[in-house]
Amino acid sequence: MKKVKSREKFNTSLGETFIVDNNIPLKIGEDIEIDGKIYKIKRIIFPSVPQKEEIISIIV
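Owing to the predicted nature of the structure, the values given are computational and were not obtained by experimental measurement. (Residues numbered from 1 in each chain as written. Predicted model: local features only at pLDDT ≥ 70, side-chain atom pairs only at ≥ 80, totals over all residues. Heavy atoms only, no water.)

Student: I tried to follow the overall build of the chain on my own but got confused; where do I start?
Tutor: A tally of regular secondary structure across the chain gives zero helices and seven strands. Going from the N terminus to the C terminus, the chain shows its helices and strands as β-β-β-β-β-β-β. Along the three orthogonal principal directions, the C-alpha set of the chain runs to about 30 × 25 × 20 Å. When burial is assessed residue by residue, the chain has 32% of its 60 residues classed as buried. Of the accessible surface of the chain, which amounts to about 4400 Å², a share of 52% is contributed by carbon and sulfur atoms. In the chain, 11 side chains carry a positive charge and 9 a negative one; their mean positions are 3 Å apart. (Helix = DSSP H or I, 4+ residues; strand = E, 2+ residues; numbered from the N terminus. Buried < 20%, exposed > 50% of the residue type's maximum accessible area, 1.4 Å probe, protein only. Areas by Shrake-Rupley, 256 points an atom, 1.4 Å probe, with all protein chains shown as cover. Lys, Arg positive; Asp, Glu negative; His and termini not counted. Charge placed at Lys NZ, Arg CZ, Asp CG, Glu CD.)

What follows is the structure in structure tokens.
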């Protein structure tokens, strides 16, 4: 299990969405720990335009 630091959290119709740094490889179906809670990744969304910082959105 990987520990991931969340930048932001949103509640969306798809589920809880976290904005995280893209500094470790993540896979759909993988269990991760964010702020002491365990989540399973349902979807990974990459930015649609280039960003200075490498961030991704993960839906759990």
